[in-house]
Amino acid sequence: MRVEFRTASSMASNVLPWAVDTDDASVGQSTINENAGTSRAMLSPRSAAGSVARTSPKDIDAQQSEERLLSDLAAADSSADTSAAVLVALRLLNHYRSHCKGDSPGADSIESKAAQLIQQHLMRMVEHNPQQHSHVLIEIAMFWVALGRLQKAEPLFLRALQLDETVAGRESQISSTLLNLAAVYQSQQRYAEAEKLHERHVALQEDLHGKKHADVATAVAGLAYVHFLQGRADERKALHYDRSELLQERALAIREEVLGEKHPDVARSLTDLGLLYEAQHRYDKAEPALERALKLREYVLPARHADVAASLTNLGNLYEVQGRYSAAEPLLQQALEIREAVFGQTHSHVAAALNNLALVYRAQQQYDKATPLFERAMHIETQTLKPTDPNLSIVFSNLAGIYKAKQLYDEAEPLYKKALALREAAYGEDHPDVAASINNLAALQFARKDYKVAEELHTRALNIRERLLEPNNPDVAISLNNLASVYECQKRYEEAGPMYERALRILEAALPAQHPHVTAVRANVDRMQKIRRDCIIQ
């Protein structure tokens, strides 16, 4: 499953690749290898640096701009013109923000200068007249957010919120700060705290506009999204998904009534609902919602628009997860072409599109087509994301899956281990995405016939999933099937058989009858039943 993510404030979307493929083990039973994605934070990533620093005309211009701003700031300070000093200091802070985007030479120095500016000028100005300068706190907080320093941003947002709540007429700024602080909490997986802020935002918008207004619909959709995130990560999955569905339906109804059925925001609500249904494996409801969203976007937007690409991706991914590869491929190919035209060749959205298309080829064992796409995606992501970003685990895992399929186990193992380390560092050891990486590493050891290690890893993955997911979740079935395969190889048939059967029951309830996972596990069950009958006869 992939999710088109958006924040309630900007409604910017992103696509999350989530891979599943089927590999045939040497003794005939089918194990299932996978890669679960994680949400990509909508922050400005630091780009990878070259090894040699070169001075370009752009660098010279940046240096001259900094010198002019510093001179202006000194002049404002000397004249005791606080308002002018605030404006110049904020311009200088934004200058630093735009030139501190990577681990390139000088980035740490620029960040240090910015921190000094904040401490010596901006924070002093806030203390001088706090009620007039809560927006300065917000600008400073956004600087730290852009650099991924969320711990520094949080107290600034909180303080700005407290200041604005004491001044009449600040509802718009309060609304914005609530959303920014909620986004910080969501990035840290502090969903319960984010939920409270979104509830306050909904109440504020209702007080301002009444129950039926476009801004209310946006606020409701933001609250629904937090419940969706909690559904992915919380043991009370069904409760959060149910709440998310009710809220998304309310947002859709408001938008259709207030904006009309042909408005782009209606497509957003349809997309949210479709992806929620997909997360619950309610594919019969997901498909018409995502199809309607695509048709609406194609009708109201230019042919080469990022949102059209997002809808093509969502529908293509829905087909892929159902094993409908011939239907998925042209949609994902078109989405890739649009994103290359809109974002350029090296954008993270292009990497996601490459990944999605490659997954379709890999599922059909077309490794020669999948490999260069995965490699290109990995090159883009390693150049644009920080080395510690858990989203790198996606491209590492998917490329490792290709190497594993080609029996290049020594090339696959370090990539799987990198993916696991990134996810454990980001989410802790008890998280569904960590379980997916453990499963992948276990499948590699199974392919190597190291059944002892494979059993330990598959058991760990199954324990995490049974603890965090609902009993009928297909990921639980994947772990059951894979652990049963290990038992079968060790001739532990009495343990393997019930596990295969339970896995099949789950998958048959969640997936179409002809889905590759269902077919593979059904074959495992049939073979195990025959083996057990033969053992009884003997």
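It should be noted that the structure appears before, not after, this text.
Since we're looking at a predicted model, the values are computed, not measured.

Procedures and definitions
- Residues numbered from 1 in each chain as written.
- Predicted model: local features only at pLDDT ≥ 70, side-chain atom pairs only at ≥ 80, totals over all residues.
- Heavy atoms only, no water.
- Helix = DSSP H or I, 4+ residues; strand = E, 2+ residues; numbered from the N terminus.
- Buried < 20%, exposed > 50% of the residue type's maximum accessible area, 1.4 Å probe, protein only.
- Contact = heavy atoms within 4.5 Å.
- Areas by Shrake-Rupley, 256 points an atom, 1.4 Å probe, with all protein chains shown as cover.
- Axes fitted to C-alpha atoms, helices over the stretch in contact; angles between N-to-C directions.
- Parallel < 35°, antiparallel > 145°, perpendicular 65-115°, else oblique.
- Left-handed = near helix turned anticlockwise from the far one by under 90°.
- Nonpolar A, V, L, I, M, F, W, Y, C, P; charged D, E, K, R; others polar.
- Expected span 1.5 Å × (residues − 1).
- Phe/Tyr/Trp six-rings, centres within 6.5 Å; stacked < 30°, edge-to-face > 60°.
- Lys NZ or Arg CZ within 6 Å of the ring centre and 35° of its normal.
- Polar contact = N/O pair within 3.5 Å; in protein donor to acceptor, adjacent residues only side chain to side chain.

A. Main features of the overall build of the protein. Of regular secondary structure, the protein possesses 22 helices and 4 strands. Evaluated residue by residue, the protein yields a buried proportion of 54% over its 538 residues. Sequence separation of 24 or more characterises 64% of the internal contacts of the protein that already satisfy a separation of 6 or more. Accessible area for the protein stands at about 22800 Å²; split by element, carbon and sulfur atoms hold 51% of it.

B. Focus on unusual backbone geometry. One non-glycine residue with positive phi stands out, namely Gln365, at about 60°. When you line up the elements, Gln365 lands in the loop between α14 (348-363) and α15 (367-384).

C. Region of the structure containing the packing of helix α4 (residues 134-146) against helix α6 (residues 171-187). Direction vectors running N to C along α4 and α6 enclose 25°, while the axes themselves pass 12 Å from each other. Judged by the angle between their axes, α4 and α6 are roughly parallel. Like other packed secondary-structure pairs, α4 and α6 cross with a definite hand, here left-handed. Residues Ser134, His135, Ile138, Met142 and Val145 of α4 form the contact with α6, whose participating residues are Gln173, Thr177, Asn180 and Val184. In terms of residue class, the contact of α4 with α6 is built from 4 nonpolar, 5 polar and no charged.

D. Seen up close, the environment of Ala442. As for its position among the elements, Ala442 is in helix α18 (residues 432-447). Since its relative accessible area comes to 0%, Ala442 is described here as buried. Expressed as a C-alpha distance, the spacing of Ala442 and Thr459, which sit 17 residues apart in the sequence, is 9.3 Å. Not counting residues within four places of it along the chain, the set of residues in contact with Ala442 comprises Ala454, Leu457 and His458.

E. Looking closely at α4. Helix length check: α4, at 13 residues, gives a terminal C-alpha distance of 19 Å against a target of 18 Å (1.5 Å per residue), a fit within 8%. The element α4 is largely enclosed, with a buried count of 10 among its 13 residues. Looking at α4, one finds that the buried residues are Ser134, Val136, Leu137, Ile138, Ile140, Ala141, Phe143, Trp144, Val145 and Ala146. One or two residues past the end of α4 sits Gly148, with phi positive at roughly 80°.

F. Structural view of the packing of aromatic side chains. Counted under the stated rule, the structure contains 3 aromatic pairs. Plain terms: the ring middles of Phe228 and Tyr241 are 5.9 Å apart, the flat faces sit at 40° to each other, and that makes the pair tilted. With Phe228 in helix α8 (residues 214-233) and Tyr241 in helix α9 (residues 237-259), this pair connects stretches of sequence that are 13 residues apart. Tyr241 carries the same exposure label as Phe228, and that label is buried. Between the aromatic rings of Phe446 and Tyr451, the centroid separation amounts to 5.7 Å while the plane-to-plane angle is 55°, which identifies the pairing as tilted. Judged by relative accessible area, Phe446 falls into the buried class, the value being 4%. The class of Tyr451 is buried, set by a relative accessible area of 16%. The ring of Tyr299 has Lys262 sitting right over it, with the charged end atom 5.2 Å from the ring centre. The side chain of Lys418 reaches across the aromatic face of Phe396, ending 5.4 Å from its centre.

G. Summary view of the environment of Ala503. Looking at the secondary structure, you find Ala503 in helix α21 (residues 493-510). Those residues in contact with Ala503, other than ones at most four positions away along the chain, are Ala477, Leu480, Asn481 and Val521.

H. How the structure looks around helix α5 (residues 150-164). The end-to-end C-alpha distance of α5, which contains 15 residues, comes to 21 Å, matching closely the 21 Å that a straight helix rising 1.5 Å per residue would cover. Along α5, the positions that sit buried rather than exposed are Leu150, Ala153, Glu154, Leu156, Phe157, Ala160, Leu161, Leu163 and Asp164.

I. Highlighting the side chain of His201. By the secondary structure assignment, His201 is in helix α7 (residues 191-209). A relative accessible area of 4% places His201 in the buried class. Polar side-chain contacts of His201 include one of 2.8 Å to the side chain of Ser175. If we skip the residues at most four places from it in the chain, His201 touches Ser175, Leu178, Leu179 and Ala219.

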